[in-house]
Amino acid sequence: MDINNQLLLPEYIKKISPYQSGKPINELAREFGIESASIVKLASNENSLGVSERVVSALSKAKDIIYRYPDANGFDLKLVLSEKYSIPVESIVLGNGSNDILELIAMTFLDGNSSAIYSEYSFAVYKIATQARGASHIEVPSSNYGHDLNLFYKSITDNSRLIFIANPNNPTGTFIKKSDLIVFLDSVYNNYGSKLIVVLDEAYTEYLDECDKFNSFSLIEKYPNLIVTRTFSKAYGLAGLRVGFSVSNPNIANFINRVRQPFNVNCFAQLAAIEALKDQDFLDKSCYLNKKEKERFYNFFDSLGFKYIPSFGNFILVNVGDSNKVNFELLKRGIIVRPVDNYNLSGWLRISIGNSLENSLFFDSLSDIVRLI
Ligand SMILES: *Cc1c(COP(=O)(O)O)cnc(C)c1O
């Protein structure tokens, strides 16, 4: 008997498709009999330099904190964030990764009678978090693989409560510049006030060139319906520890904190985030390397005649033709990249920009595969 027929789940839960994460190194090692140490993972946009030594050193001295509950209010980390960004402590919510924050926002604002808006080809978690609340989702067709904010505005309905925007976007790497975002925020706030929340997911913001960077936190004063989310998983290299945060109007932060489980960010994650924030050198090095290596990818794809989307993040979406075949051939050679069929982007693969050696191995393997097929 199929238990699925008996389970009394809400229909909206049954409709959720599982999130497809990058293949873990151990899994490839098991499946293909490849030595773990020789596998190159360019699938989850992790930091190719690893993590700051400062973080490693602090964690290795911190074993004595394991048996205590972590600080439920993350006082120390919030204080460092508050000073670094000149924002009130009360405007910050900490999350078990920014994924947690996105879910908490959905939990706070959505129910079965409301809807959330997000773009085609944008982060899969927006849809999952919306569906998990039984809310409807409005997927706005993309324009040139990025957000079409005019169409976003036109797609707003009476029951819309949340708008998710990833900037830079994942998996396409596109970017909305400040002036365009302001036009959008203006029209949303002028017409809907704080009845409609805009979530600006800035998971890759550290990778932006200086000329593109802007202080989104400072926009919250003018647009109290804006929530900005950030993560330590990407440029800061703490993906395995799970820590992210949001900045918003303190009243909004207060409600999000009510649905948050009190100990959602573990003690190592809090400590590591504090140390990571203090190591600007590591961050600068990571971003510099990313920029330099990104150029190598562009040149390489140009030489093969592959179409790619110029990226503002630490990954590139590239059209390789038969992406299933290419992906399989890469796996056989010990290289993990990210298929994006689940985003309706068949033919494309998303490649995280690794360190110089990893990228060279990827280029060699892909050249080899292109000759083969
Ligand atoms: C990676 C990513 C996140 C979530 O990362 P966490 O590890 O949960 O902090 C959020 N948004 C986008 C667009 C991402 O690519």
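Here the residue index of a chain counts from 1 through its sequence in written order. Owing to the predicted nature of the model, reporting of local features is limited to residues with pLDDT of at least 70; listing and counting of side-chain atom pairs is limited to 80 or more, with chain, interface and lining totals taken over all residues. Hydrogen atoms and water are omitted, and side-chain values are computed over all heavy atoms in the structure.

- Per an unreviewed UniProt entry, the chain is named Histidinol-phosphate aminotransferase, and its organism is Candidatus Kinetoplastidibacterium desouzai TCC079E.
- Among the UniProt annotations of the chain, the heading Sequence similarities (unreviewed entry) holds the following wording: "Belongs to the class-II pyridoxal-phosphate-dependent aminotransferase family. Histidinol-phosphate aminotransferase subfamily."
- Heading Subunit (unreviewed entry) of the UniProt record for the chain holds this comment: "Homodimer." UniProt positions are given in the numbering used here, feature names are shortened, and annotations may be inferred rather than shown by experiment.

**So, the pattern of salt bridges**
Then, number 1: In what follows, salt bridge is the name for a side-chain nitrogen of Lys or Arg lying within 4 Å of a carboxyl oxygen of Asp or Glu. Scanning the entire structure with this criterion turns up 16 salt bridges.
Then, number 2: Residue K14 is joined to E11 by a salt bridge in which the shortest nitrogen-to-oxygen separation is 3.4 Å. Here K14 and its partner E11 are both found in helix α1 (residues 11-14), three residues apart, which amounts to about one turn of the helix.
Then, number 3: A salt bridge links E329 to K332, with the nearest nitrogen and oxygen atoms 3.2 Å apart. Of this pair, E329 and K332 both sit in helix α12 (residues 323-332), three residues apart, which is roughly one turn of that helix.
Then, number 4: Among the residues examined, E329 registers a relative accessible area of 4% and is labelled buried.
Then, number 5: Judged by relative accessible area, which is 43%, K332 ranks as partly exposed.
Then, number 6: Overlapping salt bridges, with partners in common, bring together K325, E329, K332, R333, D368 and R371 in one network. Secondary structure elements are defined from DSSP: runs of H or I of at least 4 residues count as helices, runs of E of at least 2 residues count as strands, and each element is numbered from the N terminus. Here the term buried applies to any residue with accessible area under 20% of the maximum for its type, exposed to any over 50%, and partly exposed to those in between, with areas from a 1.4 Å probe on protein chains only.

**Some points on the layout of surface pockets**
Then, number 1: In this structure, the largest pocket spans a volume of roughly 580 Å³.
Then, number 2: Of the grid points, spaced at 1 Å and generated over the protein atoms alone, those admitting a 1.4 Å probe that cannot get out make up cavities, while open sets with protein on both sides within 12 Å along at least five of seven lines make up pockets; any residue with an atom within 4 Å of a point is treated as lining. Lining the largest pocket are 26 residues, with T205, E206, Y207, L208 and K213 positioned closest to its centre.
Then, number 3: Looking at the lining of the largest pocket, the elements with two or more residues in it are α4 (75-85) and α11 (280-304).
Then, number 4: It is α11 that provides the largest number of residues to the lining of the largest pocket, a total of 10 residues.
Then, number 5: All the domain ranges listed were derived from an automatic or database domain assignment. Lining the lining of the largest pocket are residues from two domains, each supplying at least three of them: domain 1 (3-50 + 281-372) and domain 2 (53-279).
Then, number 6: Among the elements that line the lining of the second largest pocket, the one with the most residues is helix α5 (residues 98-109), at three residues.
Then, number 7: Under the scheme applied here, ten amino acids are nonpolar (Ala, Val, Leu, Ile, Met, Phe, Trp, Tyr, Cys and Pro), four are charged (Asp, Glu, Lys and Arg), and all others, including Gly, are polar. Residue composition of the lining of the second largest pocket, by class: nine nonpolar, 11 polar and seven charged.
Then, number 8: Both domains that furnish three or more residues to the lining of the second largest pocket are identified here as domain 1 (3-50 + 281-372) and domain 2 (53-279). Grid points are joined across faces, edges and corners, and a volume is the space filled by probe spheres set on the points.

**Observations regarding the packing of α5 against helix α6 (residues 124-132)**
Then, number 1: To obtain each axis, a line is fitted to C-alpha atoms, and for helices this fit is confined to the stretch in contact; angles are then taken between N-to-C directions over 0 to 180 degrees. Packing of α5 against α6 brings their axes to within 9 Å, and their N-to-C directions diverge by 35°. Crossing hand, α5 versus α6: right-handed. Contact residues: α5 offers N99, L102, E103 and A106, while α6 offers V125, Y126 and A129.
Then, number 2: Tallied by class, the residues present in the contact of α5 with α6 amount to five nonpolar, one polar and one charged. By convention, the crossing between two helices is left-handed when the near helix turns anticlockwise from the far helix through less than a right angle, and right-handed when the turn is clockwise. For this analysis, residues touch if any pair of their heavy atoms sits within 4.5 Å.

**Considerations on the site of the ligand**
Then, number 1: Residues are classed as near a molecule or strand on a simple rule: at least one heavy atom within 4 Å of it. Residues in contact with the ligand, as listed here, are G97, S98, N99, F123, N170, D201, A203, Y204, T231, S233, K234 and R242.
Then, number 2: For this analysis, a polar contact is any N or O atom pair within 3.5 Å, provided that within protein one partner can donate a hydrogen and the other can accept it, and provided that sequence-adjacent residues contribute only side-chain to side-chain pairs. A distance of 2.6 Å separates an oxygen atom of the ligand from a polar backbone atom of S98.
Then, number 3: At a separation of 3.2 Å, an oxygen atom of the ligand approaches a polar side-chain atom of K234.
Then, number 4: Residue burial considers only the protein chains on display, and all accessible areas are found by Shrake-Rupley using a 1.4 Å probe. Relative to its free-state accessible area of 380 Å², the ligand is covered by the protein chains to the extent of 93%.
Then, number 5: By definition, a pocket or cavity contains a molecule when more than half of the molecule's atoms lie within 2 Å of the pocket's grid points. Because more than half of its atoms lie within 2 Å of the grid, the ligand is assigned to the second largest pocket.
Then, number 6: Residues of the shell around the ligand, tallied by class, amount to three nonpolar, six polar and three charged.

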